[in-house]
Amino acid sequence: MPQAAEQFEKWLRRSHPAPDSGVRLVCLPHAGGSASFYFPMSKALAPAVEVLAVQYPGRQDRRGEPNIPSLPDLADRIFEAVRSLDEKPLALFGHSMGAVLAYEVALRMQDAGLPSPVRLFTSGRRAPSCERDEGVHTQSDEHMVAELRKLSGTSAAMLNDPELLEMIMPAIRSDYRAVETYRYEPGRRLDCPVTVITGDSDPRVSIDEAAAWENHTDGPTDLHVLPGGHFYLVDQNARVAGLLAQRLDGRHAATYAGSGLASAEGTG
């Protein structure tokens, strides 16, 4: 198998092929999340937008692969997969940890002289320059489970099942370590438009921290505050899908007004 095809198969999942779409949207999950989180979004946006969801190692069909506890290393691997795509216009969407990864992938595209993303969507994450010392990845499993419950990103049934917890905790802890040890490089700026979406009661992101994404691009930014917490997009699925469709192709926005997103399966 050619290297480009191998990278695509390993890192990207395409649930709804849309060869005639005008734009491609690469979606990056939150800490502990997986590509299946974006299945409903893919269904909602096809065929006008083709969604490719990133599958991190250490979960689902990549459970046998080692986790990558470094956000720059993850961004490097994802960039290699993204650069193998054809020249169809590309946008990036990331929720929570995925937002920082999407930002770093966009920087790598820019540094490599590739076309910049037509738009970066950041969801449920403060700007890279707004650092917090949280240290969840250094705490006990019990502390981490309490964090998962607080953010309402993992079903109670899963958190109450010791066998399931044993399966998912290594990936969640690795992802937390990746995002909590990440430090951005001052002075590096994007040149693409950025759309920022956040919940009005997110305990991990203030409105000011979300608005600070404007300091990380020379392109235009727009901020959208929706009702809800860290996983506001679960309850606000129709509005999120409609917003994405409008920003990617306004002609199709009404088509997706009733579309939905998956329930969150992780956190971060």
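For the structure, see preceding data.
Here we summarise the structure given alongside this text. (Residues numbered from 1 in each chain as written. Predicted model: local features only at pLDDT ≥ 70, side-chain atom pairs only at ≥ 80, totals over all residues. Heavy atoms only, no water.)

Let's talk about the overall build of the chain
Here comes step 1: If you tally the helices and strands in the chain, you get 10 helices and seven strands.
Here comes step 2: Per-residue burial for the chain yields a buried fraction of 56% across its 268 residues.
Here comes step 3: Accessible area of the chain: about 11300 Å², with a carbon and sulfur share of 49%. (Helix = DSSP H or I, 4+ residues; strand = E, 2+ residues; numbered from the N terminus. Buried < 20%, exposed > 50% of the residue type's maximum accessible area, 1.4 Å probe, protein only. Areas by Shrake-Rupley, 256 points an atom, 1.4 Å probe, with all protein chains shown as cover.)

Notes on the sheet that holds strand β4 (residues 90–95)
The strands making up a sheet associate through hydrogen bonds between their backbones, and the pairing can be parallel or antiparallel.
Here comes step 1: Here we have seven strands laid out as an open sheet, ordered β1-β3-β2-β4-β5-β6-β7, and mixed in their pairing. For this open sheet the edge positions go to β1 (12–13) and β7 (221–226), each flanked by a neighbour on one side alone.
Here comes step 2: Note: strand β5 (residues 119–123) against strand β6 (residues 194–199), four bridges, orientation parallel. When the bridges of β6 are listed, Thr122 appears paired with Val196.
Here comes step 3: Strand contacts of helix α10 (residues 237–248): β2 (23–28), β3 (49–54), β4, β5, β6 and β7, with the helix running at about 165 degrees to β7, the strand carrying the most contacts. (Pairing = 2+ DSSP bridges. Contact = heavy atoms within 4.5 Å. Axes fitted to C-alpha atoms, helices over the stretch in contact; angles between N-to-C directions.)

Things to note about the pairing of β7
Here comes step 1: Going residue by residue along β7, you find Asp222, His224 and Leu226 tucked away on one face and Thr221, Leu223 and Val225 left uncovered on the opposite face.
Here comes step 2: Where β6 lies against β7, six bridges are found, and the strand directions are parallel. The residue of β7 that forms the bridge with Val194 is Thr221.

What about the packing of aromatic side chains?
Here comes step 1: As enumerated under the stated definition, the model contains four aromatic pairs in all.
Here comes step 2: Geometrically, the ring pair formed by Phe37 and Tyr38 is edge-to-face, given 4.9 Å between the ring centres and 85 degrees between the ring planes. Here the two residues Phe37 and Tyr38 agree in accessibility, since each one is buried.
Here comes step 3: Judged by centre distance (5.8 Å) and plane angle (75 degrees), the ring pair of Tyr103 and Trp213 falls under edge-to-face. Of this pair, Tyr103 sits in helix α4 (residues 97–111) while Trp213 is found in the loop between α8 (207–211) and β7, placing the two residues 110 residues apart along the sequence. Of the two residues, Tyr103 and Trp213, neither departs from the other in class, the shared state being buried.
Here comes step 4: Pairwise contacts between aromatic rings join Phe37, Tyr38, Phe93 and Phe121 into one cluster.
Here comes step 5: Sitting over the ring of Trp11, Arg62 keeps its end group 4.2 Å from the ring centre. (Phe/Tyr/Trp six-rings, centres within 6.5 Å; stacked < 30°, edge-to-face > 60°. Lys NZ or Arg CZ within 6 Å of the ring centre and 35° of its normal.)

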